[in-house]
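# Working through the structure, step by step
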Protein chains: 2
Amino acid sequence: MERYNKHPKHFVAVDCVILGYDEGELCLLLYPRGFQPSKGAWSLMGGFVQNNESSDDAAKRVLKQTIGLEDIFMKQVGTFAEPDRDTEDRVISIAYYALVRIEEHDKACVREHGAHWWPISELPAMIFDHRKMVDKALLKLQQEAGYRIIGQELLAEKFTMLQLRQLYQAIFQREFDPGNFRKKILSLDVLERLNEKNMLESKKGAFYYKCKEENNERGLDRIVKV
Amino acid sequence: MERYNKHPKHFVAVDCVILGYDEGELCLLLYPRGFQPSKGAWSLMGGFVQNNESSDDAAKRVLKQTIGLEDIFMKQVGTFAEPDRDTEDRVISIAYYALVRIEEHDKACVREHGAHWWPISELPAMIFDHRKMVDKALLKLQQEAGYRIIGQELLAEKFTMLQLRQLYQAIFQREFDPGNFRKKILSLDVLERLNEKNMLESKKGAFYYKCKEENNERGLDRIVKV
DNA sequence: ACAAAAGTGTTGCGGCTACACCCATGA
DNA sequence: TCATGGGTGTAGCCGCAACACTTTTGT
């Protein structure tokens, strides 16, 4: 008994704003659209939502296919449903953003798609409303990072205060005072200092830290005022 | 040329978390589902996204139909796309929340649907994942109210400090000190004091305020720390 | 010796909280 | 006159920003 049949059905897609971090800057993974219209223009990684698949599942599938990684931090950005947003046919798209360690992704997988990492400050033109998705994703990332330590998602398992601070500077596009940043972060008591130092980025050497397990539970103080 | 045809299409709906404010408490408008399964269970107001209609448009249409009001404050909450969330058939639903002045809506229109305003503290069971939508909407409302004065949306064009404070107490589920609340709000310089007093709720009489026009532009200080 | 990052300490300002306090007036 | 909300003032606390200062070590 199909009660809903008088209503139209639509293509539903997911588009992934895949963010990494490299050399002090946030980077976005884009791939070149291979056919007209807008051939050669850059596009987010996307895919259609299949039957028996939630949009979360679809986004995970796209991520697996394009960068070969699973269990990635990922959140919904919002849904874009203007009737003419896709020039080919109507497609309603649910945007997600994902945070990946840029060093760990499957480079062959990415190369195969002709994809390219772009620094956030120099993004090329993108198809459709993908630029809007990216901008909204970056805002959501700031919100997330303002309430929870974003560290292991974009850096490595262990990281130094310098690395974490530079990451936050990239996310919030502003400087943080080294001393104050350190004290603020440590006062939250969500990092664990390891008995190991990074000797590469300073003469004195900087302790590595890693996130404590319970970091996932939010509810901290706010870290960065917006 | 339909390049997407190998992919499935889906029903796409909007569901509206319609919030009002009455006698010191937030209220939610629900209507009873009229058919099996879950007949008699309560449901959000919803509707299907039509062709040539964005989801924002669809949500506005649903609001117009159910409470007879246009130009209502409204924001996207998120998209719910579990394959089995609707027991009848697969429907992907985009949830919105709307803020309405409970006194101004079209009561005949609402009665016709058998709808009922429920205080937030005593919500009945709802169908499908509607409860999740409501909870997420209430969180979004807190976020919004924390950065912008939510006043004219839920109260009247003009309102007293007492009314505004009680509204905020309902939204954040906690008490605010009357003096401090007043000073904080006025320091934002987004309200305009009218030469008119409300004599009904106190002996001395309280000035009415209304929102200045530019209140819509966000970017204020944070009002309530979460 | 110098530079550069690590790490700690100090000080001042601003905002928030918890009140105290007077005002106006209806019951 | 008492209770109630309106409205203002104030003292203390806390957090943050700015910045000084010491440590360590490679070049």
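Residues numbered from 1 in each chain as written. Chains lettered and ligands numbered in written order. Predicted model: local features only at pLDDT ≥ 70, side-chain atom pairs only at ≥ 80, totals over all residues. Heavy atoms only, no water.

Going by the annotation in an unreviewed UniProt entry, the name recorded for chain A is ADP-ribose pyrophosphatase YjhB, NUDIX family, with Mariniphaga anaerophila given as the source organism.

### So, the relation of the copies chain A and chain B
Copy one and copy two of the chain differ by a rotation about an axis and a translation along that axis. To keep things clear, this is the line we draw: In superposing the copies, a least-squares fit is computed on C-alpha atoms, taking residues whose pLDDT is at least 70 in both.
Between the two copies, chain A and chain B, the superposition gives an RMSD of 0.1 Å; the rotation angle is 180° and the shift along the axis is 0.0 Å. In short, the pair behaves as if placed about a two-fold rotation axis.

### Overview of the packing of aromatic side chains
We describe a pair of aromatic rings using the distance from one ring centre to the other and the angle between the two ring planes. Our working rule: Here the aromatic set is Phe, Tyr and Trp, taking the six-membered ring for Trp, and pairing holds for ring centres within 6.5 Å; pairs whose planes are under 30 degrees apart are stacked, those over 60 apart are edge-to-face, and all others are tilted. Secondary structure is summarised from DSSP: a helix means a run of H or I of at least four residues, a strand means a run of E of at least two, and numbering begins at the N terminus for each. The buried label goes to any residue with under 20% of its type's maximum accessible area, the exposed label to any with over 50%, and the partly exposed label to all in between, with areas taken from a 1.4 Å probe on protein chains only. Distance and angle both matter: a charge sits over a ring if NZ of Lys or CZ of Arg is within 6 Å of the ring centre and within 35 degrees of the ring normal.
In this structure the tally under the stated criterion is 18 aromatic pairs over all chains. Plain terms: the ring middles of F48 of chain A and Y4 of chain B are 5.1 Å apart, the flat faces sit at 50° to each other, and that makes the pair tilted. With F48 of chain A in strand 4 (residues 45-48) and Y4 of chain B in the segment before strand 1 (9-22), the pair connects residues from two separate chains. With a relative accessible area of 8%, Y4 of chain B lands in the buried category. Considering the side-chain rings of F176 of chain B and F181 of chain B, the 5.6 Å spacing of their centres and the 45° angle between planes classify their relative orientation as tilted. Take F176 of chain B: its relative accessible area is 12%, and that puts it in the buried class. Clustering of aromatic rings is evident, with ring pairs tying together Y168, F172, F176 and F181 of chain A. K197 of chain B extends its terminal NZ or CZ atom over the ring of F207 of chain B, reaching a point 4.8 Å from the ring centre.

### Focus on the protein's contact with DNA strand C
Quick note on the threshold: The criterion for a residue being near a molecule or strand is simple. One of its heavy atoms has to lie within 4 Å of it. A 3.5 Å cut-off defines polar contacts: any pair of N or O atoms within that distance qualifies, except that in protein one atom must be a possible hydrogen donor and the other a possible acceptor, and neighbouring residues in sequence count only when both atoms are side-chain atoms.
As a structural note, the neighbourhood of DNA strand C is formed by 16 residues, with R182 and K183 of chain A together with N180, K184 and K203 of chain B the closest of them. At the protein interface, 58% of the atoms of DNA strand C within 4 Å belong to sugar or phosphate. Between a phosphate oxygen of DNA strand C and a side-chain N or O atom of R182 of chain A, the distance comes to 2.9 Å. The set of elements that each furnish at least two residues to the surface near DNA strand C consists of helix 5 (178-187) and strand 9 (206-211) of chain A together with helix 5 (178-187) of chain B.

### What about the protein's contact with DNA strand D?
We apply this condition: Each residue is assigned to one of three groups, with Ala, Val, Leu, Ile, Met, Phe, Trp, Tyr, Cys and Pro labelled nonpolar, Asp, Glu, Lys and Arg labelled charged, and all others, Gly among them, labelled polar.
Within the structure, DNA strand D sits among 17 residues, and N180, K184 and K203 of chain A together with R182 and K183 of chain B are positioned closest to it. Within the contact set of DNA strand D, a phosphate oxygen lies 2.7 Å away from a side-chain nitrogen or oxygen of K184 of chain A. Here a base nitrogen of DNA strand D sits 3.4 Å away from a polar atom, N or O, in the side chain of K204 of chain B. Going through the elements one at a time, helix 5 of chain A together with helix 5 and strand 9 (206-211) of chain B are the ones with two or more residues in the surface near DNA strand D. Grouping the amino acids of the surface near DNA strand D by side-chain chemistry returns three nonpolar, four polar and 10 charged.

### Some words on the pairing of strand 2 (residues 25-32) of chain B
Residue and element names in this part refer to chain B. Short version of the rule: A pair of strands is labelled paired if DSSP reports no fewer than 2 bridges between them.
Two strands pair when backbone bridges link them, and strand 1 and strand 2 are joined in this way by four bridges, in the antiparallel orientation. Pairing of D22 across the sheet is with E25, part of strand 2. Connecting strand 1 to the next strand, strand 2, in antiparallel fashion are two residues, including E23 with a positive phi near 50°. Bridge analysis of strand 2 against strand 7 (residues 116-119) gives four bridges, and the strand direction is antiparallel. For L30, the partnering residue across the bridge sits in strand 7 and is H116. Alignment of strand 2 against strand 3 (residues 42-43), held across two bridges, turns out to be antiparallel. If you follow Y31 over to strand 3, its bridge partner there is S43.

### Side note on the nonpolar core
We apply this condition: What is meant by a nonpolar core is a set of buried Ala, Val, Leu, Ile, Met, Phe, Trp, Tyr and Cys residues, joined one to another through side-chain atoms within 4.5 Å.
Ranked by internal contacts, the top residues of the largest apolar core, which has 50 residues, are V14, I18 and L29 of chain A together with V14, I18 and L29 of chain B. Among the secondary structure elements, those contributing two or more residues to this core are strand 1 (9-22), strand 2 (25-32), helix 1 (55-67) and strand 6 (91-99) of chain A together with strand 1, strand 2, helix 1 (55-67) and strand 6 (91-99) of chain B.

### Here's the deal with the interface of chain A and chain B
Using the following cut-off: Here, two residues are considered to be in contact whenever any of their heavy atoms come within 4.5 Å of each other. Summed over both partners, the accessible surface that disappears when two parts come together, traced with a 1.4 Å probe, is what is meant by buried area. What counts as a salt bridge is simple: a side-chain nitrogen of Lys or Arg found within 4 Å of a carboxyl oxygen of Asp or Glu.
Residue-level contacts link 39 residues of chain A with 40 residues of chain B. For the pairing of chain A and chain B, the buried interface totals around 3600 Å² over both sides, and the portion due to carbon and sulfur atoms is 53%. When the buried area of chain A at its contact with chain B is split by residue, Y4, K9 and F11 of chain A rank highest and sum to 19% of it. In this structure, the connection of chain A to chain B is made through zero salt bridges. In this assembly, chain A and chain B are joined by 14 residue pairs in polar contact (both at pLDDT 80 or more).

### Description of the packing of helix 3 (residues 130-147) of chain A against helix 4 (residues 161-172) of chain A
Residue and element names in this part refer to chain A. Here is the rule we go by: Comment: axis = line fitted to C-alpha atoms, over the contacting stretch for helices; angle = value between 0 and 180 degrees taken between N-to-C directions. Geometric relationships in this document are graded by angle, where less than 35 degrees denotes roughly parallel, more than 145 denotes roughly antiparallel, 65 to 115 denotes roughly perpendicular, and other angles denote oblique. By definition, any crossing whose near helix is turned counterclockwise from its far helix by less than a right angle is left-handed, and any crossing with a clockwise turn is right-handed.
Two numbers describe how helix 3 lies on helix 4: the axes approach to 9 Å, and their chain directions differ by 140°. The orientation of helix 3 with respect to helix 4, classified from their angle, is oblique. With respect to the hand of their crossing, helix 3 and helix 4 are arranged in left-handed fashion. Each of L141, Q142, A145 and G146 in helix 3 lies in contact with helix 4, whose residues at this interface are Y168, I171 and F172. In the contact of helix 3 with helix 4, the residues fall into five nonpolar, two polar and no charged.

### Some points on a positive patch on the surface
As a reminder of what qualifies: A patch is a set of surface residues, each over 30% in relative accessible area and not in a salt bridge, joined within 9 Å for like charges and within 5 Å for the nonpolar side chains Val, Leu, Ile, Met, Phe, Trp and Tyr. Working definition of accessibility: Shrake-Rupley area with a 1.4 Å probe, residue cover restricted to the visible protein chains. Think of it this way: Lys and Arg go in the positive column, Asp and Glu in the negative one, and His and the chain ends go nowhere. Every charge is mapped to an atom, namely NZ of Lys, CZ of Arg, CG of Asp or CD of Glu.
A cluster of basic residues, R182, R193, K197 and K204 of chain A, forms a positive patch at the surface. By the element assignment, K197 of chain A lies in strand 8 (residues 191-198).

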